[in-house]
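# Summary of structural features
The residues making up each chain are set out below.
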Amino acid sequence: MSATLTVAGLFIAGYLLLQNYIVHDLDLLNATEFQQIRARLGSDYPSLNREIIEERIRQTTEYASVLFYISIDSPSRGNLFRSKNLTGNPLPDVPKKHVFEGTMPGVGELRIAEFVLPPFDVSIGTPMGQVRRTMVAYAEVCLALLIGMLLASIAIGLGLSRVMLRPVRLIGETANRIRSDNLTERIAVTGVEDEISDLATLLNQMFDRLESSFNQVRQFTAEVSHELKTPLSLVRLHAEKLLVEGNLSQAHEEAVLVQLDELARVNQMVDELLFLSRAEARGIRMDLVIQDPHRFLRNFEQDVQALTEHQGCRFDCTHHGEGLVAFEERWLRQVVLNILTNALRMSPSGGLIMLRSELEGNIWRVSIEDEGPGLSDDQYERAFERFVRFNQVNTEDRGSGLGLAICRSIIQLHDGRIHAECGTGGVGLRVVFEIPASRRDAVDKVHTAF
């Protein structure tokens, strides 16, 4: 576009210059014709009458009738001569101008020059039609050249851009492939020292730092797993040994039991934090199996029914739709149980907990709703953050605040989404997760690794 606009500006400037040169040449042509007429009139032209003027220049004007329209006038005697191609009509006149353009009926546009030959005024006009046709032809040629140049520049520009930006595309493709499970790949750097090579080198250095950070996190996770769980196990063994020996008073025995409960809780929290760290780093392998979600829910429906009845609540489970979904049963069972556990904590005695499963199109949607106090609008998203706990009904609630955070990580590893919303009629809380359903052409796929 820049090149086309530049050439278009040059063509416009050339159009104006060419037109000015041609018009200037017409003025020179009129001046030359005037000199010829003056020579034919002779040195005694002031005393000539109409008949003598006619006799002296008629033949000259007839020869040039194709190019010139001539009129000789005198302020005192009026018109003294008109060329026959004027058919008795006067040439146009513009007061106080000696060179101008005018239009004459039957003739068209003329370039007219007035020459003073005292006591006569000689007016000579030259047709502008050929000039206009020449300029139109010039404009048409320029327009065709501009269109051709625009098309050629587009084609050349696209070709050059694809060639020149190919290293950038390769950098983008390589950077897109580098993830937490593939941090060793690097962008190929050419031997040419230019901005693209500098960019690739800079990105490789960034990936080096990123890989180092991920390795440190993974190493820290492994060390924490070993360094924390080993002393916790030792403390638990010693506490259990004290209970087995039976030399403790009742108060001390109760204190040791509390310690064991707290150790189990801390141990569980460590496991959950390690899981979240590995999940966020995409370090967990999911063995997805294509299966019927209705069968999955039916397998542990009785267990959930017994659990809710034990807590003094009611449970209702429904499933609609047919199809297959790729998921790992062990992890998804934990998601459902975590959400149900939260619902049981928040539900009043005799409250109803509803599990609704729907398989429509390419989405499996599961919602678990309770009749508890629910959440405010600003708490729905925060409910999935770590250690966030709302509406603690009593001090015996031993939840870690990591259950929903773990649910979100598991659902994200299944390429799904999870969110919380208000329950039916503005009462309670509804937690919904969605997982993509399997296409029919993917039924044979039974293993997916992240």
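In the block above lies the structure referred to throughout.
Since we're looking at a predicted model, the values are computed, not measured.

Calculation rules
- Residues numbered from 1 in each chain as written.
- Predicted model: local features only at pLDDT ≥ 70, side-chain atom pairs only at ≥ 80, totals over all residues.
- Heavy atoms only, no water.
- Helix = DSSP H or I, 4+ residues; strand = E, 2+ residues; numbered from the N terminus.
- Rg over C-alpha atoms; globule rule 2.2 N^0.38 Å.
- Buried < 20%, exposed > 50% of the residue type's maximum accessible area, 1.4 Å probe, protein only.
- Contact = heavy atoms within 4.5 Å.
- Areas by Shrake-Rupley, 256 points an atom, 1.4 Å probe, with all protein chains shown as cover.
- Lys, Arg positive; Asp, Glu negative; His and termini not counted.
- Charge placed at Lys NZ, Arg CZ, Asp CG, Glu CD.
- Salt bridge = Lys/Arg side-chain N within 4 Å of Asp/Glu carboxyl O.
- Pairing = 2+ DSSP bridges.
- Axes fitted to C-alpha atoms, helices over the stretch in contact; angles between N-to-C directions.
- Phe/Tyr/Trp six-rings, centres within 6.5 Å; stacked < 30°, edge-to-face > 60°.
- Parallel < 35°, antiparallel > 145°, perpendicular 65-115°, else oblique.
- Left-handed = near helix turned anticlockwise from the far one by under 90°.
- Nonpolar A, V, L, I, M, F, W, Y, C, P; charged D, E, K, R; others polar.
- Core = buried A, V, L, I, M, F, W, Y, C linked by side-chain atoms within 4.5 Å.

## Quick word on the overall build of the protein chain
For the protein chain, the count of helices and strands is nine helices and twelve strands. For 450 residues, the compact-globule formula gives about 22 Å, and the C-alpha radius of gyration of the protein chain, at 49 Å, lies well above that figure. With the C-alpha coordinates of the protein chain rotated into their principal frame, the extents come out at 160 × 60 × 45 Å. Counting across all 450 residues of the protein chain, residues that qualify as buried make up 36%. Of the contacts formed within the protein chain by residues at least 6 apart in sequence, a portion of 64% connects residues at least 24 apart. For the protein chain, the accessible surface area stands at approximately 26,600 Å², while carbon and sulfur atoms represent 56% of it. Put simply, the protein chain has 46 plus and 60 minus side-chain charges, and the middle of one group is 6 Å from the middle of the other.

## Things to note about the pattern of salt bridges
Taken as a whole and assessed by the stated rule, the structure comprises 21 salt bridges. Salt-bridge contacts for Arg132 lead to Glu101; the nearest nitrogen and oxygen are separated by 3.3 Å. Placement of Arg132 in helix 3 (residues 129-177) and of Glu101 in strand 3 (residues 99-104) is noted, with a sequence separation of 31 residues between them. Arg132 sits in the partly exposed class, given a relative accessible area of 28%. Glu101 sits in the partly exposed class, given a relative accessible area of 35%.

## Focus: the sheet that holds strand 4 (residues 108-117)
Judged by pairing direction, the sheet is antiparallel, and its five strands sit side by side in the order 2-1-5-4-3 without closing on themselves. Every other strand in the sheet has two partners, leaving strand 2 (78-82) and strand 3 as the edge strands with one partner each. Recorded for the sheet is a direction-independent mean angle of 30 degrees between the axes of neighbouring strands. Packing of helix 1 (residues 2-41) onto the sheet brings it into contact with strand 1 (69-74), strand 3, strand 4 and strand 5 (120-127), and relative to strand 4 it is tilted by some 45 degrees.

## Looking at the packing of aromatic side chains
One pass over the structure, following the stated rule, counts eight aromatic pairs. A centroid spacing of 6.2 Å and a plane angle of 55 degrees characterise the contact between Tyr45 and Phe120, whose relative ring orientation is tilted. Here Tyr45, found in the loop between helix 1 and helix 2 (50-63), pairs with Phe120, found in strand 5; they are 75 residues apart in sequence, far enough to count as distant. For Tyr45, a relative accessible area of 13% corresponds to the buried category. On the basis of relative accessible area, Phe120 is assigned to the buried category, the value being 1%. With a centroid separation of 6.3 Å and 85 degrees between ring planes, the pair formed by Phe296 and Trp364 is classed as edge-to-face. Taken as a pair, Phe296 in helix 6 (residues 293-299) and Trp364 in strand 10 (residues 363-369) lie far apart in primary sequence, 68 residues in all. Each member of the pair, Phe296 as well as Trp364, is classed as buried. Aromatic rings pair up to connect Phe296, Phe300, Phe327, Trp364 and Phe433 into one cluster.

## Some words on unusual backbone geometry
The amide bond that connects Pro118 to the next residue, Pro119, takes the cis arrangement and shows omega of 5 degrees. Examined against the element boundaries, Pro119 turns out to sit in the loop between strand 4 and strand 5. Of note in this structure, Asp415 is not a glycine but carries a positive phi near 60 degrees. Inspection of the secondary structure assignment puts Asp415 in the loop between helix 9 (403-413) and strand 11 (417-422).

## What to know about the packing of helix 8 (residues 329-346) against helix 9
Two numbers describe how helix 8 lies on helix 9: the axes approach to 9 Å, and their chain directions differ by 150 degrees. One way to sum up the angle between helix 8 and helix 9 is to call them roughly antiparallel. By crossing handedness, the relation of helix 8 to helix 9 is classed as left-handed. Residues Trp331, Leu332, Gln334, Val335, Asn338, Ile339 and Asn342 of helix 8 lie in contact with helix 9, whose contacting residues are Gly403, Leu404, Ile406, Cys407, Ile410 and Ile411.

## Here we look at the pairing of strand 2
Where strand 1 and strand 2 come together, four bridges link them in antiparallel fashion. Directly across from Ser71, in strand 2, lies its bridge partner Arg82. Between the antiparallel neighbours strand 1 and strand 2 lie three residues.

## Side note on the packing of helix 1 against helix 2
Running from amino to carboxyl end, helix 1 crosses helix 2 at an angle of 140 degrees, the nearest separation of the two axes being 9 Å. Here helix 1 lies oblique to helix 2, going by the angle between them. Of the two possible hands of crossing, helix 1 and helix 2 adopt the one that is right-handed. Taking contact as the criterion, the partners of Glu33, Gln36, Ile37, Arg40 and Leu41 in helix 1 are, on helix 2, Ile53, Arg56, Ile57 and Thr60. Taken together, the residues that form the contact of helix 1 with helix 2 break down as four nonpolar, two polar and three charged.

## Here's the deal with the sheet that holds strand 12 (residues 429-436)
What the five strands build is an open sheet, ordered 7-9-10-12-11; its pairing is mixed. Unpaired on one side and paired on the other, strand 7 (314-320) and strand 11 mark the two borders of the sheet. Averaged over all pairs of adjacent strands, the angle between strand axes in this sheet comes to 15 degrees, irrespective of strand direction. Where strand 10 meets strand 12, seven bridges bridge the pair, whose relative direction is antiparallel.

## So, the nonpolar core
Grouped burial of nonpolar side chains is what soluble globular proteins tend to show. Core analysis: the largest hydrophobic core is formed by 53 residues, its most contacted members being Leu332, Ile339, Trp364 and Phe433. Broken down by element, the residue count for this core peaks at eight residues, all from helix 8.

Any link to function would need more than the numbers given here.
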